[in-house]
Amino acid sequence: MAPLPSLPRIERLHLADLVLPETHPEAKTSGGAAVVFGFVIDHPDGPIVVDTGVGRGHPFIDAVYAPTGLDLGDALSGVGIDARDVIAIVNSHLHFDHCGQNPLYYGSKVPVFVQAEEVEAARQPHYTVQEWATVPDGQMRRVRGDEDVAEGVRILATPGHTRGHQSVVVEGGEGEVVVIAAQTVWDVKEFDLEQATPANVDEEDLRDEAVASIRRLKSLNPSAAHFSHHPTVWRSSPGIR
Ligand SMILES: [Zn+2]
């Protein structure tokens with residue numbers, strides 16, 4: 001599909017803060033806390049949400065991660081978007097902190113784009129919170145590799161953190177590209193240095209693919225890259241970071 005005449009507005013939504021238990025692989029990296037961002041692309045066809053944060057009222061998640069944060073609807077209205085106007089959801093992957101508020105849209109006609117491999121993985125015990133991650137059949141859009149979501153918005157498979165992890169590429173205007181890299185990396189340094197850390201990519205056999213995913217996103221010459229758990233936005237010109 002063709003790029004848009006101009007780059008649509010992309011807003012980062014600060015959906016939650018987590019307290020990481022000592023057993024969490026990133027607990028040391030992050031000083032025991034993690035931010036959770038979702039994103040919304042204010043597309044001319046209607047808003048497209050990328051990741052929905054953490055859900056509410058799950059006893060295990062509440063006990064282990066003590067999440068605090070915003071309801072997705074409030075986060076969207078905070079950037080001037082009506083949650084009822086959303087036309088599509090993309091989940092980078094189905095861990096509990098990326099699909100937690102998907103149920104807001106379950107039972108509607110809003111399609112939810114997830115890699116087919118991720119759907120399979122999410123059926124395994126202890127992978128996620130099933131009631132958040134289980135997309136109703138009629139809304140599930142199983143993605144195999146790369147796929148267009150709308151004009152100027154496409155999904156790129158970026159395996160690493162999970163086998164079915166995906167990123168979103170937004171393109172508009174004079175070839176300007178912004179990537180929502182989600183959890184392709186944990187922090188901006190890993191993106192800069194093209195590193196797959198054991199903390200973010202715990203399956204050893206996925207580390208080469210994880211590095212390839214970072215390089216694939218950078219090969220698009222993005223002006224910016226956004227991450228799920230790190231507040232710094234990567235910029236192509238280091239001087240303006
Ligand atoms: Zn994850």
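Residues numbered from 1 in each chain as written. Predicted model: local features only at pLDDT ≥ 70, side-chain atom pairs only at ≥ 80, totals over all residues. Heavy atoms only, no water.

Remarks on the overall build of the protein chain
Under the convention used in this document: Secondary structure is summarised from DSSP: a helix means a run of H or I of at least four residues, a strand means a run of E of at least two, and numbering begins at the N terminus for each. Computation of the radius of gyration draws on C-alpha atoms alone. For the globule rule, the value is 2.2 Å times the number of residues to the power 0.38. Categorising residues by exposure relies on relative accessible area from a 1.4 Å probe, with only protein chains included: less than 20% of the type maximum marks a residue as buried, more than 50% marks it as exposed, and the intermediate range marks it as partly exposed. Residues are treated as being in contact if the distance between any of their heavy atoms lies within 4.5 Å. Note that accessible areas follow from Shrake-Rupley with a 1.4 Å probe, and for residues the cover is restricted to the protein chains shown. Under the convention used here, Asp and Glu are negative, Lys and Arg are positive, and both His and the chain ends fall outside the count. In this description, the location of a charge corresponds to atom NZ of lysine, CZ of arginine, CG of aspartate or CD of glutamate.
Secondary structure assignment for the protein chain yields 7 helices and 13 strands. For 241 residues, the compact-globule estimate of 2.2 N^0.38 gives 18 Å, and the C-alpha radius of gyration of the protein chain, at 16 Å, lies within 12% of that figure. Taken over the C-alpha atoms alone, the protein chain extends approximately 45 × 40 × 30 Å along its principal axes. Looking at the protein chain as a whole, 54% of its 241 residues are labelled buried. Partitioning the contacts of the protein chain with sequence separation of at least 6, the portion at a separation of at least 24 is 67%. Entry remark: accessible area of the protein chain is about 10600 Å², with carbon and sulfur atoms responsible for 50%. Within the protein chain, the 35 negative side-chain charges are centred at a point lying 1 Å from the centre of the 19 positive side-chain charges.

Here we look at the pairing of strand β9 (residues 153–157)
What counts is decided by this rule: Two strands qualify as a pair provided DSSP detects at least 2 bridges between them.
Most of β9 sits out of view: 4 of its 5 residues are buried. Summarising the sheet, strand β8 (residues 147–150) and β9 pair through 3 bridges and their orientation is antiparallel. Residue pairing across strands places Glu147 opposite Ile155, the latter belonging to β9. Hairpin geometry of β8 and β9 is characterised by an intervening segment of 2 residues between the two adjacent antiparallel strands and by a positive phi of about 80° at Gly152. Sheet topology places β9 next to strand β10 (residues 166–172); 5 bridges connect them, and they run antiparallel. In the strand pairing of β10, Arg154 is matched with Val169.

Digging into the sheet that holds β8
Put simply, the test is: Inter-axis angles, ranging from 0 to 180 degrees, are taken between N-to-C directions of lines fitted to C-alpha atoms, where helices are fitted over the stretch in contact.
A sheet is described by the order of its strands in space; here 6 strands give the open sequence β8-β9-β10-β11-β12-β13, paired in mixed fashion. Edge positions in the sheet fall to β8 and β13 (234–235), since each has one partner strand and no second. On top of the sheet, helix α7 (residues 207–218) reaches β9, β10, β11 (176–182) and β13; it is set at about 155° to β9, its chief contact.

Thoughts on the packing of aromatic side chains
Here is the rule we go by: Geometry of aromatic contacts follows a simple scheme: Phe, Tyr and Trp rings, the Trp one being its six-membered ring, pair when their centres are within 6.5 Å, and the pair is stacked under 30 degrees between planes, edge-to-face over 60, tilted otherwise. Charges are assigned to positions over rings by a cutoff of 6 Å between ring centre and Lys NZ or Arg CZ, combined with an angular limit of 35 degrees from the ring normal.
Summed over the entire model, instances satisfying the criterion amount to 3 aromatic pairs. Seen from their ring centres, Tyr65 and Phe96 are 4.7 Å apart, and the 40° between their planes marks the pair as tilted. With Tyr65 in helix α1 (residues 59–65) and Phe96 in helix α3 (residues 96–99), this pair connects stretches of sequence that are 31 residues apart. With respect to burial, Tyr65 and Phe96 carry one shared label: buried. Ring centres of Phe191 and Trp234 lie 5.2 Å apart, and the angle between their planes is 70°; on these two criteria the pair is classed as edge-to-face. On the criterion of sequence distance, the pair formed by Phe191 in helix α6 (residues 188–193) and Trp234 in strand β13 is long-range, its members being 43 residues apart. Every member of this aromatic cluster is reached through a ring pair, and the members are Phe191, Phe227 and Trp234. Its end group placed over the ring of Phe37, Arg12 keeps NZ or CZ at 3.9 Å from the ring centre. The ring of Phe191 has Lys218 sitting right over it, with the charged end atom 5.5 Å from the ring centre.

Quick notes on the pattern of salt bridges
Threshold: Here, a salt bridge means any side-chain nitrogen of Lys or Arg that lies within 4 Å of a carboxyl oxygen of Asp or Glu.
Tallied over the full model, the rule gives 11 salt bridges. In this structure, the salt-bridge partner of Glu11 is Arg9, at a minimum N-O distance of 2.8 Å. Judged by relative accessible area, which is 33%, Arg9 ranks as partly exposed. Linking Arg163 and Glu203 is a salt bridge whose minimum nitrogen-to-oxygen distance equals 2.9 Å.

Some points on the environment of Val129
Looking at the secondary structure, you find Val129 in the loop between α4 (116–121) and α5 (130–133). Counting along the chain gives 69 residues from Val129 to Phe60, while the straight-line C-alpha distance between them is 9.5 Å. Those residues in contact with Val129 that sit more than four places away from it in its chain are His58, Ile61 and Phe96.

A short note on the nonpolar core
In plain terms, the rule: We call a set of buried Ala, Val, Leu, Ile, Met, Phe, Trp, Tyr and Cys residues a nonpolar core when their side-chain atoms join them within 4.5 Å.
In this structure, Leu13, Val54, Leu76, Phe96 and Tyr105 are the most contacted members of the largest nonpolar core, which totals 37 residues. Elements that contribute at least two residues to this core include exactly β1 (9–19), β2 (33–43), α1, α2 (72–78), α3, β6 (112–115) and α5. Counting residues per element, this core draws most heavily on β1, which supplies 4 residues. Not counting residues up to four positions away in its chain, the partners in contact with Phe96 are Leu18, Gly53, Val54, Ile61, Tyr65, Thr128, Val129 and Trp132. Ranked by size, the runner-up nonpolar core spans 21 residues in total, among them Val35, Val143, Ile155 and Ala224.

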